[in-house]
Amino acid sequence: MSEENLVKVVKFGGSSLASAEQFKKVGAIIKADSSRRYVVDSAPGKRSKEDTKVTDLLYKCYEEAEEGLSFEKTFRVIKTRFNEIIAGLELKLNLDEEFETIYRKFEGKAGSDYAASRGEYLNGRIMAAYLGYEFIDAATVIKFDKEGNFLSEETNEALRARLKDVERAVIPGFYGAQPDGRVKTFSRGGSDVTGSLVARAVKADIYENWTDVSGFLVADPRIVENPKNIEILTYRELRELSYMGASVLHESAIFPVRKEGIPINIRNTNRPEDKGTLIVENTCHTPEYTITGIAGKKGFVSVSIDKDMMNSEIGFCRRALQVFEDNGISIEHMPSGIDTMTVFVDKDAFVDKEQQVLSGLHRVCQPDTIDLESDLALIAVVGRGMKNNSGNAGKIFSALSKKKINIRMIDQGSSELNIIIGVRNKYFDEAIKTIYEVYVNDEA
Ligand code: ASP
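Our subject in this report is the structure included herewith. Computed from a predicted structure; not experimentally measured.

Comments concerning the layout of surface pockets
Here is step 1 of the chain: As a volume, the second largest pocket reaches approximately 360 Å³.
Here is step 2 of the chain: Residue lining of the second largest pocket: 21 residues in total, with Asn-282, Arg-384, Gly-385, Lys-387 and Leu-417 positioned closest to the centre.
Here is step 3 of the chain: In terms of residue class, the lining of the second largest pocket is made up of 4 nonpolar, 11 polar and 6 charged.

The structure is reproduced here in structure tokens:
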């Protein structure tokens with residue numbers, strides 16, 4: 001198929017649309033490839049480190065309105081951000097009427113979701129005028145029920161029907177509407193989700209997600225100096241990496257496209273010549289190194305429950321886990337031994353419930369001992385290449401032991417896609433650097 005016949009959905013993040021200058025880069029990217037037919041936009045992001053995202057300004061402004069304070073000043077700052085973009089692009093667009101409506105709705109306390117969504121809405125209006133594309137208000141095609149739950153199939157149907165005969169369109173990200181028309185947003189960063197939904201509905205060949213980095217990196221650049229880029233990543237690898245804290249793409253953005261086998265390409269608006277990272281369902285492309293990526297998070301607590309003959313006591317684990325569930329605590333990992341099970345939980349979620357959990361465990365499990373250990377970090381070493389390589393765990397163990405880093409826990413999924421390692425918080429950075437060394441620098 002020639003490039004011309006492809007359908008691409010392109011989503012641009014806040015930093016890609018923060019100023020007229022950035023808009024021009026985006027315009028050039030879209031015009032460079034006529035298959036980039038459906039555009040999903042974020043609100044203007046930060047122009048510099050010290051700057052404030054328009055979405056944050058909108059939340060602030062609405063808070064002032066809700067508290068009955070004067071919100072004039074913040075509103076003016078927001079208005080100026082958009083008017084500067086319009087002027088910089090030399091558009092004949094005038095959004096004064098829109099600003100007026102929004103102002104009135106703020107006075108009428110239309111809700112913080114409505115307020116936050118206006119960043120994407122207004123930026124979408126500008127983008128549509130700039131590109132000469134049709135503007136489609138997301139409130140008409142992204143559906144939520146009256147409790148505010150997202151309706152995936154209804155949305156897919158609405159988007160499909162609406163876009164069927166539309167050659168090119170701009171659809172603002174981040175929000176949709178409930179049956180009574182009230183605007184509802186996804187969680188922060190949710191424009192990624194909108195892009196994915198549009199890609200699914202039009203059965204796109206690819207979903208390009210343009211941001212300010214050239215894709216995923218093998219490790220966090222704040223820890224490892226100049227880490228390598230990940231060229232190809234599978235959805236499953238991404239899940240293993242993302243839940244440990246990688247923040248390039250909204251977690252929920254992978255599900256709609258994954259259903260249709262549509263690849264996501266993370267690209268850099270400031271370096272369009274870079275290929276970025278391609279996220280796919282499956283690939284025969286062998287990764288350059290045994291591992292695809294390393295990600296981790298600090299701040300876990302381990303709860304170790306010991307009881308003689310635990311293995312023969314039917315229902316022991318279920319009862320123990322029920323205690324965590326009853327206290328609303330989600331479980332990160334659960335390595336176990338014959339007479340012991342350990343549950344890793346997020347410290348912030350656990351501290352306030354600690355005593356209820358302990359007494360609950362005593363009540364339902366009658367353990368011999370319960371040990372708590374805090375200040376633990378979990379590191380996920382992820383890679384589809386590990387399955388075909390022996391000695392992965394050994395390699396990690398010996399490298400960490402050479403650095404005198406004690407491993408508190410190790411857990412390998414049966415798919416051999418990941419190895420999870422628990423270390424003390426204070427060894428977190430050093431452990432990641434060491435694993436990067438043995439897998440990337442030494443294999444290079
Ligand atoms: N503008 C929204 C946010 O700041 C949504 C997005 O950018 O995806 O979270």
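Examining the side chain of Asn-418
Here is step 1 of the chain: Take Asn-418: it is sitting in strand β16 (residues 418–424).
Here is step 2 of the chain: The class for Asn-418 is buried, based on a relative accessible area of 6%.
Here is step 3 of the chain: At a separation of 2.7 Å, a polar atom in the side chain of Asn-418 contacts the side chain of Glu-240.
Here is step 4 of the chain: Leaving out residues up to four positions away in the same chain, Asn-418 has contacts with Glu-240, Val-381, Val-382, Met-386, Asp-411, Gln-412 and Gly-413.

Quick notes on empty space enclosed by the protein
Here is step 1 of the chain: Per the counting criterion, the structure on display carries 1 cavity of 30 Å³ or more.
Here is step 2 of the chain: By volume, the largest cavity amounts to about 50 Å³.
Here is step 3 of the chain: Along its surface, the largest cavity is lined by 10 residues, and Leu-238, Ser-242, Leu-249, His-250 and Glu-251 are the ones closest to its centre.
Here is step 4 of the chain: If one sorts the elements of the lining of the largest cavity by residue count, helix α8 (residues 235–242) sits on top with 3 residues.
Here is step 5 of the chain: For the lining of the largest cavity, the per-class residue count stands at 6 nonpolar, 2 polar and 2 charged.

Let's talk about the packing of aromatic side chains
Here is step 1 of the chain: All told, the structure shown has 13 aromatic pairs when counted by the stated rule.
Here is step 2 of the chain: Centre to centre, the rings of Phe-71 and Phe-75 are 6.3 Å apart; their planes meet at 75 degrees, and the pair counts as edge-to-face.
Here is step 3 of the chain: For Phe-75, a relative accessible area of 8% corresponds to the buried category.
Here is step 4 of the chain: Look at Phe-75 and Tyr-103: their rings are 5.1 Å apart centre to centre, the planes differ by 85 degrees, and that puts the pair in the edge-to-face class.

A look at the environment of Ser-330
Here is step 1 of the chain: As for its placement among the helices and strands, Ser-330 is situated in the loop between α10 (316–326) and β12 (331–333).
Here is step 2 of the chain: The class for Ser-330 is exposed, based on a relative accessible area of 52%.
Here is step 3 of the chain: Sequence-wise, Ser-330 and Thr-155 are 175 residues apart; in three dimensions their C-alpha atoms are separated by 29 Å.

Observations concerning the site of the ligand
Here is step 1 of the chain: Neighbouring the ligand are the residues Ser-42, Lys-53, Thr-55, Glu-120, Phe-174, Arg-188, Gly-189, Gly-190 and Ser-191.
Here is step 2 of the chain: Between the ligand and the protein, one listed contact pairs a nitrogen atom with a side-chain N or O atom of Thr-55 at 2.8 Å.
Here is step 3 of the chain: Its free accessible area being 260 Å², the ligand has 95% of it covered by the protein chains.
Here is step 4 of the chain: Residue composition of the shell around the ligand, grouped by class: 1 nonpolar, 5 polar and 3 charged.

Section: the environment of Ala-115
Here is step 1 of the chain: Structurally, Ala-115 is set in helix α5 (residues 112–131).
Here is step 2 of the chain: In this view, Ala-115 contacts Leu-58, Tyr-62 and Phe-106; residues no more than four positions away in its chain are not counted.

Observations regarding the pattern of salt bridges
Here is step 1 of the chain: As enumerated under the stated definition, the model contains 32 salt bridges in all.
Here is step 2 of the chain: For Glu-260, the salt bridge identified is with Arg-200, shortest N-O distance 3.9 Å. Note that Glu-260 is positioned in helix α9 (residues 254–260) and Arg-200 in helix α7 (residues 191–201), a separation of 60 residues in sequence.
Here is step 3 of the chain: Exposure remark for Arg-200: the relative accessible area of 8% places this residue in the buried category.
Here is step 4 of the chain: Among the ionic pairs, Glu-373 bridges to Arg-408, the shortest N-O distance being 2.2 Å. Separated by 35 residues along the polypeptide, Glu-373 in strand β14 (residues 369–382) and Arg-408 in the loop between α13 (392–402) and β15 (409–412) bring together distant segments of the chain.
Here is step 5 of the chain: Here Arg-408 falls in the partly exposed class, since its relative accessible area comes to 37%.
Here is step 6 of the chain: What you see here is one network of salt bridges that share partners, running through Glu-153, Arg-200, Lys-203, Lys-259 and Glu-260.

As for helix α2 (residues 54–66)
Here is step 1 of the chain: Between its first and last C-alpha atoms α2 spans 18 Å; for 13 residues at 1.5 Å apiece the expected length is 18 Å, and the two agree.
Here is step 2 of the chain: Residues of α2 that are buried make contact with α3 (72–88), α4 (96–107) and α5.
Here is step 3 of the chain: At the C-terminal side of α2, Gly-68 shows a positive phi close to 75 degrees.

What counts and what doesn't
- Residues numbered from 1 in each chain as written.
- Predicted model: local features only at pLDDT ≥ 70, side-chain atom pairs only at ≥ 80, totals over all residues.
- Heavy atoms only, no water.
- 1 Å grid on protein atoms, 1.4 Å probe; cavity = no way out; pocket = protein on both sides within 12 Å on 5 of 7 lines; lining within 4 Å.
- Points joined across faces, edges and corners; volume = space filled by probe spheres on them.
- Nonpolar A, V, L, I, M, F, W, Y, C, P; charged D, E, K, R; others polar.
- Helix = DSSP H or I, 4+ residues; strand = E, 2+ residues; numbered from the N terminus.
- Buried < 20%, exposed > 50% of the residue type's maximum accessible area, 1.4 Å probe, protein only.
- Polar contact = N/O pair within 3.5 Å; in protein donor to acceptor, adjacent residues only side chain to side chain.
- Contact = heavy atoms within 4.5 Å.
- Phe/Tyr/Trp six-rings, centres within 6.5 Å; stacked < 30°, edge-to-face > 60°.
- Near = heavy atom within 4 Å.
- Areas by Shrake-Rupley, 256 points an atom, 1.4 Å probe, with all protein chains shown as cover.
- Salt bridge = Lys/Arg side-chain N within 4 Å of Asp/Glu carboxyl O.
- Expected span 1.5 Å × (residues − 1).

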